[in-house]
Amino acid sequence: MPGWYYDKKELRSTPSSQDGIDYKTEMRYRKEGARLIIDTGSKMDLGYNTMATGVVYYHRFYMFHSFKQFPRYVTACCCLFLAGKVEETPKKCKDIIKTARSLLTDQKFATFGEDPKEEVMTLERILLQTIKFDLQVEHPYQYLLKYAKCLKGDKVKLQKMVQMAWTFVNDSLCTTLALQWEPEIIAVALMYLAGKLSKFEVVDWIGRTSKHIRWWDMFVEDVTMELLEDICHQVLDLYSQTDANNTPDSPPLQSQKATNQPPPVSTQRSSNGNEKVVSPDQPPPVNVKVPPPSSDVPPFPYQTFTGAPPPVASYATPFAAPMGAPPVVAAPPHLTGPPPGPPPHITAPPPTVFSQYVNHPPPFTAVVPPGAPPFFSANAPPPNQPHRPYYPPPT
Amino acid sequence: MAYLENSMSADKQKAYEGLNKIGRGAYGTVYKAKDKQTGNDVALKKVCVPLDEDGIPMSTLREIALLRQLNSHDHPNIVKLLDICHGQQVGQDLVMFLVFEHIEQDLATYIEKNPKGFSTLQIRQLSRDILNGVDFLHSNRVIHRDLKPQNLLVTYDGHVKLADFGLAKTYDFDMKLTSVVVTLWYRAPEVLLGLSYATPVDIWSIGCIIVELYSLKPIFCGSSEGDQLSKIFRLLGKPAKHEWPEENTSIKWNSFDVINQITLGQFCPYICETAQDLIMGMLTFDPNKRMTALDALNHKYFKEEPINT
Ligand SMILES: Nc1ncnc2c1ncn2[C@@H]1O[C@H](COP(=O)(O)OP(=O)(O)O)[C@@H](O)[C@H]1O
Ligand SMILES: [Mg+2]
């Protein structure tokens, strides 16, 4: 089995870079392709797993091919097409192309050539060969839910934290994190980040032993704080990137173009000390319609970024988990009894994601299952997607 | 883009040399070849995937995904899938090659080559390997469905690896259209009756195979579904009317008349009592009462001090 993980040096010596595409541009191409997969998938009501699988195919594909040779939006469509079949949510090739077309400018769509369907179908085989038919991909979502079930503490805060971490996982698809770290580690890192930002401090958890210093010691081994910080910063950096969509090479997506008001711009000192421009309406204002929950919980991470950025210093401080302290909080009720219905403020965003989309382009809102922290909802994905039997019984 | 694709698949095939046909099953041809890069022998299984309007069918992709996934566990009793590559499109079919590690022989050949039979110790080892492999499949919710000596590979040091699951089975439907005869001998009663079935079908097959390791000949050699069932009932006895499945089946309880009943001991005198107990637990008519792979592995047959005969 091939390894699908790369170190940072390898990520900088890709076929595209050898083809003369600089690193920043390649990262933008990756982000734009991932975005098209997510936007197209959301518009077609595909599940978050399907979209995430498609994005992982996409990132892997460009570890073997150059963006110069394979135009990114064709590849993006092909990855979503293949992921749909693998995740058993198939969509017709022509419908995917149609939806993608509605999200792209004519100029961008021109890369699909004379016969777009033929182009995507031919690419399917190259894609399969490139990703070595390694079709089953795991994502951080399932781990996020699994880990959350073990954490003790204030239920509302926990929900908030999970919701936030879930969104970070969505956003992480636009980075190359899936090429660097296992989904378990990404889940831990982004829960750590969400915990920090939502001030949900995990002091006790189910299954804790004296060997565990931090809750994730139960699930992953040898994860250093440096590593977690690095992963978090890769996601945070997304929010502080200049809006690359304004470069001529890459005009903004149509739907955004129509509604993109000049965003109030603020600057913030990012982790690596660079001044970065932040546009506050870039991240999904998931909570726009949501009445703010109890005041000690920040409404949403993005407002935290754009309003009052978390002081890097405090963010970097590891949790002070008092060793051997008695459990402070009892297990939340959902762990012992039947899951309660989601509290009203969590049920947002409602299914009207798209009208919202028009006003504020949330990059990923639709990927979050409506009625968020999925583990509370009745139709939540099972934490461990069981394998299907190889052979369906004869009908 | 088409030219790129062709050159890529051509590259792939150049990686293997010296195709020698070694097996021809119902679904595809298997070749022995050498991996030029590693120098290792590999088995190339050629399968034709029928393309539909939307490319490679979902069922095929699902099975490849699972095959890959299973292989990522590196289980010692599952044949290793090394690579997959596709060749040309022929008409509406895409030719694909599954590249496996090459294993000396299959169990059918192994039995043939040992006309004097196996020691109790060997049989126990082979049985345990088969059960370990199947337990692994079942705990991953995979049913093999076609366990038989031809689909079990035996390594040079006498270990068994399961082969031939997944991909090819999408052709069940086509199979009925062709004249290829698929053996019924290892099929569980519920399959013969056309009922819905699950993991217990594999346990039935293993029961038949373990008997064969002792007797060196298949225990139930039916020529049709009905004939196969009546051969089974000679050993098990005909199930009581209330045991006959309620589910709709075209085969009626009345249509069987069991004559010449035999016991396992009569069929093969070498099988010790403990082994008989294990085998009969696997050859149980009702799939719900049949032993599981894990039950079987915990059976005293595998715990007892080896008695070498
Ligand atoms: N990895 C392998 N090494 C050696 N021989 C093999 C291997 N795989 C298959 N064979 C031989 O080829 C035959 C057919 O292969 P199989 O995978 O069972 O295909 P089919 O679906 O056609 O039955 C087997 O019975 C076995 O003899
Ligand atoms: Mg076979």
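Since the structure is predicted, the reported quantities are computational estimates derived from the model, not experimental observations. (Residues numbered from 1 in each chain as written. Chains lettered and ligands numbered in written order. Predicted model: local features only at pLDDT ≥ 70, side-chain atom pairs only at ≥ 80, totals over all residues. Heavy atoms only, no water.)

**Q** Looking at this structure, I do not really get the overall build of chain A. What am I missing?
**A** Assigned secondary structure in chain A consists of 17 helices and two strands. For chain A, buried positions account for 56% of its 395 residues. In chain A, 80% of the contacts between residues at least 6 apart in sequence involve partners at least 24 apart. About 16400 Å² of surface is accessible on chain A, with carbon and sulfur atoms providing 57% of the total. (Helix = DSSP H or I, 4+ residues; strand = E, 2+ residues; numbered from the N terminus. Buried < 20%, exposed > 50% of the residue type's maximum accessible area, 1.4 Å probe, protein only. Contact = heavy atoms within 4.5 Å. Areas by Shrake-Rupley, 256 points an atom, 1.4 Å probe, with all protein chains shown as cover.)

**Q** Explanation requested: the overall build of chain B in the structure shown.
**A** Helix and strand counts for chain B come out as eleven helices and eight strands. Within chain B, buried positions represent 53% of all 309 residues. Sequence separation of at least 24 residues holds for 64% of the intrachain contacts in chain B that already meet a minimum separation of 6. Looking at chain B as shown, the accessible area adds up to about 14600 Å², and 51% of this sits on carbon and sulfur atoms.

**Q** Explain helix 8 (residues 116–130) of chain A here, please?
**A** Given 3.6 residues per helical turn, the α-helix brings residues three or four places apart onto the same face. Residue and element names in this part refer to chain A. With 15 residues, helix 8 ought to run about 21 Å at 1.5 Å a step, and its terminal C-alpha atoms sit 20 Å apart, in line with that. Burial runs high along helix 8: twelve of the 15 residues are buried. Every buried residue of helix 8 is listed here: Pro-116, Val-120, Met-121, Thr-122, Leu-123, Glu-124, Arg-125, Ile-126, Leu-127, Leu-128, Gln-129 and Thr-130. Following helix 8 by one or two positions, Lys-132 adopts a phi angle in the positive range, close to 55°. (Expected span 1.5 Å × (residues − 1).)

**Q** Looking at this model, I keep getting lost on the sheet that holds strand 8 (residues 160–162) of chain B. Mind explaining?
**A** Sheet strands pair via backbone hydrogen bonds, and the direction of the pair is either parallel or antiparallel. Residues and elements named next belong to chain B. With antiparallel pairing, three strands are arranged side by side in an open sheet as 6-7-8. Sheet topology places strand 6 (105–106) and strand 8 at the edges, where each strand pairs with a single neighbour. Bridge count for strand 7 (residues 152–154) against strand 8 is three bridges, and the pairing is antiparallel. Note on strand 8: the bridge partner recorded for Leu-153 is Lys-161. (Pairing = 2+ DSSP bridges.)

**Q** Explanation requested: the pairing of strand 2 (residues 29–35) of chain B in the structure shown.
**A** Successive side chains on a regular strand alternate, one facing one side of the sheet and the next facing the other. Residues and elements named next belong to chain B. The pairing of strand 2 with strand 3 (residues 41–50) spans six bridges and is classified as antiparallel. Bridge pairing links Lys-32 to Ala-43 in strand 3. Where strand 2 folds back on strand 3, the antiparallel hairpin that results is connected by five residues, among which Gly-39 adopts a positive phi of roughly 80°.

**Q** How should the site of ligand 1 be read in this particular structure?
**A** Residues and elements named next belong to chain B. Taken together, 19 residues lie around ligand 1, and Glu-101, Asp-106, Gln-150, Asn-151 and Asp-164 are the ones closest in. Lys-45 has a polar side-chain atom sitting 2.9 Å from an oxygen atom of ligand 1. Considered on its own, ligand 1 offers 540 Å² of accessible surface; in the complex 90% of this is hidden by protein. Secondary structure elements with two or more residues in the shell around ligand 1: strand 1 (16–24), strand 3 and strand 5 (93–101). Looking at the shell around ligand 1 residue by residue, the class counts come to nine nonpolar, six polar and four charged. In terms of domain composition, the shell around ligand 1 takes at least three residues from each of domain 1 (14–101) and domain 2 (105–302). (Near = heavy atom within 4 Å. Polar contact = N/O pair within 3.5 Å; in protein donor to acceptor, adjacent residues only side chain to side chain. Nonpolar A, V, L, I, M, F, W, Y, C, P; charged D, E, K, R; others polar. Domains from an automatic or database assignment.)

**Q** Any chance you could explain the coordination of the magnesium ion (ligand 2) here in plain terms?
**A** Under ideal tetrahedral coordination, the four donors around a metal are separated by 109.5 degrees; under ideal octahedral coordination, the six donors are separated by 90 or 180 degrees. Residues and elements named next belong to chain B. For the magnesium ion (ligand 2), the protein coordination sphere consists of Asn-151 (OD1) and Asp-164 (OD), at 2.0 to 2.2 Å. Taken as a pair, Asn-151 in the loop between helix 4 (120–139) and strand 7 and Asp-164 in the loop between strand 8 and helix 5 (172–177) lie far apart in primary sequence, 13 residues in all. Neither residue differs from the other here; Asn-151 and Asp-164 are each classed as buried. (Donors = N, O, S within 2.8 Å, 3.2 Å for Na, K, Ca; no water.)

**Q** When you look at the packing of aromatic side chains in this model, what are you seeing that I'm missing?
**A** The geometry of an aromatic ring pair comes down to the distance between the two centres and the angle between the two planes. All names here are of chain B. One pass over the full model with this rule turns up 26 aromatic pairs over all chains. The interplanar angle of 20° and the centroid separation of 6.0 Å between the aromatic rings of Trp-244 and Phe-285 together place this pair among those described as stacked. Of this pair, Trp-244 sits in the loop between helix 8 (225–236) and helix 9 (264–267) while Phe-285 is found in the loop between helix 10 (273–282) and helix 11 (293–297), placing the two residues 41 residues apart along the sequence. Summarising the burial analysis for this pair, Trp-244 and Phe-285 share the class buried. (Phe/Tyr/Trp six-rings, centres within 6.5 Å; stacked < 30°, edge-to-face > 60°.)

**Q** So what exactly am I meant to see when it comes to the UniProt feature "domain: Cyclin-like" (unreviewed entry) in chain A here?
**A** Per the UniProt record, the feature "domain: Cyclin-like" (unreviewed entry) sits at residues 35–129 and 142–240 of chain A. Between the C-alpha atoms that bound residues 142–240 of chain A the distance is 27 Å, and the span itself is 56% helix and 0% strand. (UniProt positions renumbered as here; feature names shortened; annotations may be inferred.)

**Q** Before we go on, may I ask you to explain the nonpolar core in this structure?
**A** Generally speaking, soluble globular proteins have nonpolar side chains that are buried together. Counting 180 residues, the largest nonpolar core has A:Tyr57 and A:Leu135 as the members making the most contacts within it. Ignoring sequence-local partners within four residues, the contact set of A:Leu135 consists of A:Thr53, A:Tyr57, A:Leu82, A:Val86, A:Leu128, B:Leu61, B:Ile64 and B:Ala65. (Core = buried A, V, L, I, M, F, W, Y, C linked by side-chain atoms within 4.5 Å.)

**Q** I keep staring at the state of the cysteines and nothing clicks. Help me out?
**A** Here the structure, examined in full by the defined rule, presents zero disulfides over all chains. The structure places no disulfide on A:Cys150, whose sulfur is separated from the nearest cysteine sulfur, that of A:Cys232, by 20 Å. (Disulfide = S-S within 2.5 Å.)

**Q** Any chance you could explain the environment of A:Leu197 here in plain terms?
**A** With respect to the helices and strands, the residue A:Leu197 is situated in helix 11 (residues 183–197). Sequence separation between A:Leu197 and A:Met161 is 36 residues, and the spatial gap between their C-alpha atoms is 8.3 Å.

**Q** What is the right way to read the pattern of salt bridges from this model?
**A** With the rule as written, the count across this model stands at 20 salt bridges over all chains. With a shortest N-O distance of 3.1 Å, A:Glu26 and A:Arg30 are connected by a salt bridge. Highlighted residues: A:Glu26 and A:Arg30, both in helix 3 (residues 23–43), separated by four residues, approximately one helical turn. Side by side, A:Glu26 and A:Arg30 carry an identical accessibility label, which is buried. Between B:Lys34 and B:Asp41 there is a salt bridge, and its shortest N-O distance comes to 3.4 Å. Using a relative accessible area of 35% as the deciding quantity, one classes B:Lys34 as partly exposed. (Salt bridge = Lys/Arg side-chain N within 4 Å of Asp/Glu carboxyl O.)

**Q** Is there a simple way to explain the packing of helix 10 (residues 155–172) of chain A against helix 11 of chain A in this structure?
**A** Packed helix pairs are specified by the crossing angle of their axes together with the interaxial distance, meaning the distance between the axes. Residues and elements named next belong to chain A. Helix 11 packs onto helix 10 with a crossing angle of 130° between their chain directions and a minimal axis gap of 8 Å. Put simply, helix 10 runs oblique to helix 11. Helix-helix and strand crossings are classified by hand; for helix 10 and helix 11 the assignment is right-handed. Residue-level contacts link Met-161, Met-164, Ala-165, Phe-168, Val-169 and Ser-172 of helix 10 to Ile-186, Leu-190, Met-191, Leu-193, Ala-194, Gly-195 and Leu-197 of helix 11. For the contact of helix 10 with helix 11, the per-class residue count stands at eleven nonpolar, two polar and no charged. (Axes fitted to C-alpha atoms, helices over the stretch in contact; angles between N-to-C directions. Parallel < 35°, antiparallel > 145°, perpendicular 65-115°, else oblique. Left-handed = near helix turned anticlockwise from the far one by under 90°.)

**Q** Explain the environment of B:Pro189 here, please?
**A** All names here are of chain B. Within the secondary structure, Pro-189 sits in helix 6 (residues 189–192). On the basis of relative accessible area, Pro-189 is assigned to the buried category, the value being 1%. Separated by 96 residues in the primary sequence, Pro-189 and Phe-285 have C-alpha atoms spaced 6.6 Å apart.

**Q** I would appreciate a short explanation of the side chain of A:Lys85 in the present structure.
**A** Tracing the backbone through its elements, the reader meets A:Lys85 in helix 5 (residues 72–86). Judged by its relative accessible area of 4%, A:Lys85 falls in the buried class.

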